[in-house]
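For reference, the chains in residue letters:
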Amino acid sequence: MQSDLIPGVQAADSVFPNAIAAAAGSAAAVFLPTCRAEMEALGWQQCDIIIVTGDAYVDHPSFGMAIIGRVLEAQGFKVGIIAQPDWHSAADFTVLGAPRLFFGITAGNMDSMVNRYTANRRVRSDDAYTPGGAGGKRPDRCVIVYSQRVREAYKHVPIVIGGIEASLRRIAHFDYWSEQVRRSVLIDAKADMLVFGNAERQIGAIARRLGAGESISSILDLRGTAYLRRAMPADWIEIDSSEIDVPGPTAPLPDPYAGEDERRQALGASAATAAKAVPSALADRVSDGRRVVKFFRHVPGAERDRSVIRLPSFEQVSADPVLYAHASRILHLESNPGNARALVQRHGSHEVWLNPPPIPLSTAEMDAIYELPYARRPHSVYGNARIPAYHMIRFSVAIQRGCFGGCTFCSITEHEGRIIQSRSEESVIREIETIRDKVPGFTGVVSDLGGPTANMYRLHCKSPQIESACRRPSCVYPGICPNLNTNHAPLINLYRRARNLPGVKKVLVASGVRYDLAIESPDYVKELATHHTGGYLKIAPEAIGEGPLSKMMKPGVGTYYKFKELFDKYSKAAGKEQYLIPYFIAAHPGTRDADMLELAVWLKKNGFRADQVQAFLPSPMATATAMYHSGKNPLKRITRDSEAVVIPKGLKVRRLHKAFLRYHDPENWPLLREALKRMGRADLIGNGKQHLIPAYQPIGGRTQVGRPGREGSVPLRTQHTGLPKAGKVIPAGGRRKFPNTQNRSGRP
C-alpha cells in the first residue's frame, strides 16, 4: 500500500521514524512501571505517557497495551501502565502521578460490554483477561468511566482513547445493551482525541508532536484519529451522504387487527410525521444557511484531500433506523485507506470528525513491532495467579493482521481493516525460537501460527491500483475476486520451516481457517491436515441456508463439502482419524425459524452435537448490527423501499433458535415440539432415527438421554458422533484462542 496516495491526511508517518531500531530495547525495562517504586527503580521522576487498561498487564504482543507501550518506549518515551484500576474513585488513577504528555485509555483486548454480558444480556461469571479469571474487575463502558476518573484527577492532561471499544464507537452507534443509539464515545468520554484501528502509527505521531510542543487541539491531520470541532473548516468541500445513497424513513409495521380504513389513515399519518420529524441531512444544513456542495461522484483530484462526507446527525440516526443503516453503509464504503475520505457527524453543537483510516503497516514495521523486548509473561505483581487469556496464547505467534472476508457480524474489518499486513518469515521464525528458548513451560508445541484468520498470510490484491480504488466490503463474497492473489505457498513454506525447527515437536493452527480460500490450494489443505491439526479442526460455516448466509456474507454449504472432502482425503492419507467441528450462529439477521430447523436436521444427519452455541450479539458498528436495528440491508443501497431483512428479535425467538442448535438437549425438547407443530413439521417428532426429537420427555436432569425406564443413560458430550470415546485424549489443536482483537462479535 502506498503511503502517498492522496496528500494531506492521506499521508502517513513511519511507525519508527529516523530509523529507530526495534531492538532499541537494550535499555528497555523488563516490565513497564505500574507503581512509583518501579518508576524510581528506573530513575524516572515522571512518565511521558500513562496507559490505563481494563486488562491485567501482560507484557506480550497479543495484548494491546503491551504493544503500544513498547512501541512508544522504543521511540524514547517513558511509559507507565495502570491495569484494572478501582474505578469507584480517582485514587488508583494517580498512582503514577500525572504524565508529561497524555493519558492513553483502552478497555483492553475486548469490548467491556461484550466481556461482561452474554448475547442474552446475562452477566458473565468470569473474565479471561483478569487474574484468576475473576469477573467484575472492570466497569461497564470502560473507556467512558476511566476517562471520567482521569479527568477528575488531572483536569488539564490530554486524554487519548483507543482500542477495540473506542474504535467501534467512534460515531453514533446502536447499543444492544440499552437498545438505543448512543453518541460517539468521544463525546461521552470527554476525551481530546480518539484513535481507531491499529494505533501504532498514530499514537507515536501524537506523542512526538505533543513532545515537540504542539497542543492536542492542533493535531487535526492524522489518519486513524477522530476529534471534535465546533464548526466546519471553510476550505473543505462538504459532501452530503444522501448524494451517495438516498435514504428514507420506514413505515411502521401494520396493525393486523386494524380495519382497511384505519390502516390507510395510520399509513398516511406516519408518512407525514416521518417527513416532518426526519429532515434530510441536506435540508438540515440549508436551514443553517451554510453552503452546500453537491456530490457528483468524481471530486477533482486536487480537491479530494479537502473533501469530507457529512453523515446524518446523531439526532437523525437516533430517530430513524433507516438513516442509521444509511450512515453505517457510508462508513463501510469509506473504509479503504486507498480511497476513503474524511467523515463528519453532528452531535448537538459539536461535529465529530473522522479522518480516513490508518495506512496499513509494512512488513518491516510489523517485524519491528512484534520483535520489541516483551517480557512475554504477566507482570510479577500477579504472582502465580492464572490469567486464562495469557495461557491460551503464550505459545502462539501472530503472523498477520487484517481480514478481507467482510463477515457482517465480525469486528475485524472495522478495527484492523481488510488489507492483510504480514510479517516476514524470518521474523516469525525468530519469535518461535524466542518462545522455545525463553518462555517457561514450553514443551515443544506451538499452539497457533495465525491471526484473525489462519490462512490469509501474504494474500493481497494483484494490482495496487485496483486495491486502492476498490470499495467492495469483501474479497471473497459472493465469490473470490479474480484480482485476489490466493497463493498459499508462502504460508505452506512458513509452516514447514516452523515445524522443522530444533526443539519444536508440533505446530498447530488454532485460528479460524477460511475454507473457501483453502480449497483454492489443495497443497495447503494437505499440509494442514497432515501436520497441523490435533484430532479435530474447528471451522465456521455459521449457517447453511442462503437467507442467513447472504446477510453474513459467508460461502454456501457446498464450499464446506469441498473442503471436507479434501480434509478427509489428506487426513486418511496421513493415517489420521480427524474431524471437522463446525461453528454456527443462532438468531442472526436474515434467519427464519425454517432456516434453523434446516440446520438442526443437517446437524443430526451429520452427527454433530453442540455443547455451547453462539447467539448473534449485535456489536457496535457491525453491518449485521445495522440490519438488526433497522431491518434493512446495508450491503445494498438504502432507500425506504429497499430490501427488508428478517430479524429474529426477542428472548423467545432467540431461545428457540439456540434450541435448534442444541436439538439433542432434553431441556429444549418441549420448546422444539411446540415449534415443530406450529411449523407443520410434527413428522420430525418421534423415536426413530429419522426424527429430530423424541416424543417422550425423560425423567430427571438434563443429562438423562435414554428412553423412560432405561438404565445406564450417559451424559451429553460435545462431539462429532465419530470422535473417540471419552477417555481417549485428543491433542489440543484447533481450539480457539483469545485474540488480540475482538474478532467474532462476542464469541468467547
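Our subject is the structure that appears above.
Residues numbered from 1 in each chain as written. Predicted model: local features only at pLDDT ≥ 70, side-chain atom pairs only at ≥ 80, totals over all residues. Heavy atoms only, no water.

Participant: Explain the sheet that holds strand S11 (residues 307–310) residue by residue, including any values.
Facilitator: What the 10 strands build is an open sheet, ordered S3-S1-S4-S5-S8-S9-S13-S12-S11-S10; its pairing is mixed. For this open sheet the edge positions go to strand S3 (79–83) and strand S10 (237–240), each flanked by a neighbour on one side alone. Here the average twist between neighbouring strands, direction ignored, is 25 degrees. One ladder, built from two bridges, connects strand S8 (residues 193–195) with strand S9 (residues 225–229); its direction is antiparallel. In the strand pairing of S9, valine 195 is matched with threonine 225. With respect to the sheet, helix H4 (residues 142–153) is in contact with strand S1 (49–53), strand S4 (102–106) and strand S5 (159–162), its orientation differing from that of S4 by roughly 155 degrees. Strands S1, S4, S5, S8 and S9 of the sheet are contacted by helix H7 (residues 200–211), whose axis makes an angle of about 165 degrees with S4. (Pairing = 2+ DSSP bridges. Helix = DSSP H or I, 4+ residues; strand = E, 2+ residues; numbered from the N terminus. Axes fitted to C-alpha atoms, helices over the stretch in contact; angles between N-to-C directions. Contact = heavy atoms within 4.5 Å.)

Participant: Tell me about the sheet that holds strand S24 (residues 579–586), residues and numbers included.
Facilitator: Judged by pairing direction, the sheet is parallel, and its three strands sit side by side in the order S23-S24-S26 without closing on themselves. Taken across any chain shown, the strands that pair with only one partner, and hence form the sheet edges, are strand S23 (536–542) and strand S26 (614–615). Here two bridges tie S24 to S26, and the two strands are oriented parallel to one another. By the bridge assignment for S26, isoleucine 585 is matched with glutamine 614.

Participant: So, the pattern of salt bridges: which residues are in play, and what are the values?
Facilitator: Side chains that carry opposite charge are capable of pairing whenever their charged atoms lie near each other. Considering all chains together, one arrives at 37 salt bridges under this definition. In this structure, glutamate 431 engages arginine 376 in a salt bridge whose closest nitrogen and oxygen atoms are separated by 2.8 Å. With glutamate 431 in helix H16 (residues 425–438) and arginine 376 in the loop between helix H13 (363–370) and strand S14 (377–378), this residue pair connects regions lying 55 residues apart in the sequence. The exposure classification of glutamate 431 matches that of arginine 376, with both residues buried. Of the charged contacts in the structure, one is a salt bridge between arginine 496 and glutamate 527, with a shortest N-O distance of 3.2 Å. (Salt bridge = Lys/Arg side-chain N within 4 Å of Asp/Glu carboxyl O. Buried < 20%, exposed > 50% of the residue type's maximum accessible area, 1.4 Å probe, protein only.)

Participant: Tell me about the pairing of S5, residues and numbers included.
Facilitator: Every second residue of S5 is oriented toward a common face, with Ile159 and Ile161 on one face and Val160 and Gly162 on the other, all of them buried. Two strands pair when backbone bridges link them, and S4 and S5 are joined in this way by four bridges, in the parallel orientation. Bridge pairing in S5 links glycine 104 to valine 160. As paired elements, S5 and S8 share two bridges and run parallel to each other.

Participant: Before we move on, could you go through the packing of aromatic side chains and cite the residues and values that matter?
Facilitator: Counted by the stated rule, this structure contains 19 aromatic pairs. Geometrically, the ring pair formed by tyrosine 176 and tyrosine 628 is edge-to-face, given 5.9 Å between the ring centres and 75 degrees between the ring planes. With a gap of 452 residues between them, tyrosine 176 in the loop between strand S6 (173–175) and strand S7 (180–182) and tyrosine 628 in helix H24 (residues 623–630) connect regions that are remote in the sequence. The exposure classification of tyrosine 176 matches that of tyrosine 628, with both residues buried. Measuring from ring centre to ring centre gives 6.2 Å for phenylalanine 616 and tyrosine 628, while their planes differ by 55 degrees; the resulting arrangement is tilted. Of this pair, phenylalanine 616 sits in the loop between S26 and H24 while tyrosine 628 sits in helix H24, placing them 12 residues apart in sequence. With respect to class, phenylalanine 616 is no different from tyrosine 628; both count as buried. Following the ring pairs from residue to residue traces out a cluster consisting of Tyr515, Tyr560, Tyr561, Phe563, Phe567, Phe584, Trp602 and Phe608. Geometry around tyrosine 176 places arginine 121 over its ring, the cationic atom sitting 4.0 Å from the centre. (Phe/Tyr/Trp six-rings, centres within 6.5 Å; stacked < 30°, edge-to-face > 60°. Lys NZ or Arg CZ within 6 Å of the ring centre and 35° of its normal.)

Participant: Let's hear about the packing of helix H25 (residues 651–661) against helix H26 (residues 669–678): which residues, and what values?
Facilitator: Taken N-terminus to C-terminus, the directions of H25 and H26 make an angle of 100 degrees; their axes are 10 Å apart at the nearest point. Relative to H26, the element H25 is oriented roughly perpendicular. Taken together, the residues of H26 that come into contact with H25 (itself represented by Lys652, Arg655, Leu656, Ala659 and Phe660) are Leu671, Leu672, Glu674, Ala675, Leu676 and Arg678. For the contact of H25 with H26, the per-class residue count stands at seven nonpolar, no polar and four charged. (Parallel < 35°, antiparallel > 145°, perpendicular 65-115°, else oblique. Nonpolar A, V, L, I, M, F, W, Y, C, P; charged D, E, K, R; others polar.)

Participant: Which residues make up the environment of phenylalanine 77, and what are the values?
Facilitator: The residue phenylalanine 77 is located in the loop between helix H2 (64–74) and S3 in this model. For phenylalanine 77, the residues in contact, after removing those within four places along its chain, are Asp48, Ile49, Leu72, Leu101, Ala207 and Arg208.

Participant: So what's going on with the state of the cysteines? Residues and values would help.
Facilitator: What makes a disulfide is a covalent bond joining the sulfur atoms belonging to two cysteines. Applying the stated criterion across every chain yields a total of zero disulfides. Cysteine cysteine 461 is unpaired, with the sulfur of cysteine 481 as its nearest cysteine sulfur at 6.2 Å. Unpaired in terms of disulfides, cysteine 470 finds its nearest cysteine sulfur in cysteine 475, a separation of 6.1 Å. (Disulfide = S-S within 2.5 Å.)

Participant: So what's going on with the pairing of S3? Which residues, and what values?
Facilitator: For S3, the tally of buried residues reaches four of five residues, placing the bulk of the element in the interior. By the bridge criterion, five bridges tie S1 to S3 in an arrangement that is parallel. Paired with isoleucine 50 across the two strands is glycine 80, which belongs to S3.

Participant: Residue-level account of unusual backbone geometry, with values.
Facilitator: A cis amide bond links tyrosine 477 to the next residue, proline 478, at an omega of 5 degrees. Turning to its location among the elements, proline 478 is positioned in the loop between helix H17 (464–469) and strand S21 (484–485). A positive phi angle, close to 55 degrees, is found at lysine 190, a residue other than glycine. Examined against the element boundaries, lysine 190 turns out to sit in the loop between helix H6 (185–188) and S8. If you check the backbone angles, alanine 587 has positive phi at about 65 degrees while not being a glycine. Within the fold, alanine 587 resides in the loop between S24 and helix H23 (593–605).

Don't take any of this as a statement about function, it's just geometry.
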